[in-house]
Amino acid sequence: MGQNYISVLIETLEKKRDALQNILRITKTQEQIAKGSVYQEEEMERALNEKDIQIARINTLDEGFQSVYERVRAEVQRQPDLYRKDLVHLQDLIRECTDLGNQIMVLEERNRDRFQSLFAQSKRQYSASKNKANVAQNYFRTMNNTKILDAYFVDKKQ
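Each chain has its residues counted from 1, following the order in which its sequence is written. Confidence filtering applies because this is a predicted model: local features only for residues at pLDDT of at least 70, side-chain atom pairs given and counted only at 80 or more, and all residues used for totals across whole chains, interfaces and linings. Computation of side-chain values covers all heavy atoms of the structure but excludes hydrogens and water.

**A word on the packing of aromatic side chains**
- The rule is short: rings of Phe, Tyr and Trp, with Trp giving its six-membered ring, pair when the centres are within 6.5 Å, and they are stacked under 30 degrees, edge-to-face over 60, tilted in between. Tallying each qualifying case throughout the model produces 1 aromatic pair.
- Look at Phe65 and Tyr69: their rings are 6.4 Å apart centre to centre, the planes differ by 5 degrees, and that puts the pair in the stacked class. With Phe65 and Tyr69 both in helix H2 (residues 41-78) and 4 residues apart, the pair spans about one turn of that helix.
- Only protein chains enter the calculation, and the probe is 1.4 Å; a residue is then buried if its accessible area is under 20% of its type maximum, exposed if over 50%, and partly exposed in between. The class for Phe65 is buried, based on a relative accessible area of 17%. Under the DSSP-based scheme used, a helix requires at least four consecutive residues in state H or I and a strand at least two consecutive residues in state E, with every element numbered from the N terminus.

**Let's talk about H2**
- A helix's residues, less one, multiplied by 1.5 Å, set its expected span. Taking 1.5 Å per residue as the helical rise, H2 with its 38 residues ought to reach 56 Å, and the 54 Å between its terminal C-alpha atoms agrees with that figure.
- Bending of H2 peaks at approximately 45 degrees at the position of Val72.
- Taken together, the buried positions of H2 are Met44, Ala47, Lys51, Gln54, Ile58, Leu61, Phe65, Val68, Val72, Glu75 and Val76. Across the chain, bend at a residue is computed as the angle between axes fitted to the seven residues ending at that point and the seven starting from it.

**With respect to the environment of Glu43**
- With respect to the secondary-structure elements, Glu43 resides in helix H2.
- On the accessibility criterion, Glu43 (30% relative accessible area) is partly exposed.

**Let's talk about the side chain of Arg17**
- Mapped onto the elements, Arg17 comes out in helix H1 (residues 2-35).
- When near neighbours in sequence (up to four residues on either side) are disregarded, Arg17 contacts Leu93, Glu96, Cys97 and Leu100. What makes two residues a contact is simply this: any of their non-hydrogen atoms within 4.5 Å.

**So, the nonpolar core**
- Nine residue types can take part in a nonpolar core, namely buried Ala, Val, Leu, Ile, Met, Phe, Trp, Tyr and Cys, and a core is a set of them joined through side-chain atoms within 4.5 Å. If you look at the biggest cluster of nonpolar residues, it comprises 11 residues: Ile6, Leu9, Ile10, Leu13, Phe65, Val68, Val72, Val76, Tyr83, Leu90 and Leu93.
- Elements with a contribution of two residues or more to this core: H1, H2 and helix H3 (84-145).
- For Val76, the contacting residues outside a window of four places in its chain are Ile6, Tyr83 and Leu87.

**Considering the pattern of salt bridges**
- Salt bridge criterion: a side-chain nitrogen from Lys or Arg within 4 Å of a carboxyl oxygen from Asp or Glu. By the definition in use, this model includes 14 salt bridges.
- A salt bridge links Glu108 to Lys51, with the nearest nitrogen and oxygen atoms 2.1 Å apart. With Glu108 in helix H3 and Lys51 in helix H2, the pair connects residues that are 57 residues apart, well separated along the chain.
- Of the charged contacts in the structure, one is a salt bridge between Arg84 and Asp81, with a shortest N-O distance of 3.0 Å.
- What makes Arg84 partly exposed here is its relative accessible area of 44%.
- The exposure class assigned to Asp81 is exposed, which follows from its relative accessible area of 64%.

Given below as structure tokens:
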């Protein structure tokens, strides 16, 4: 019975590792978007949607892992030698998942900083263009409201 549960735990961690690798790949794609000179909104939206799917998958896998682990924990603690090889494999998978999670966190932090800079620059450009448009609009409004008087010469000689 315990061996089947251990196999399920191993399979769950392998799926989690795959999902984390997908998230790392997506995060690297976001990094390329952030490095670009033009913000690619559609690409970013696609990446965020794909990342949400992978995160939901990881949450489901974590819940399943915890549930199965609760069932098998007592038996594994009673007979650790019987499951030694599988436990070492589980520990290796957990290390891999942790390493991937750390890589993702570091890359996310860098991306956040890049996107903040990119959005701040876009906001400045928008403000500058809006300001130019307002100046031009005020100029034309002023010019349209001005009554241009015909030039004339008044001779007051008497």
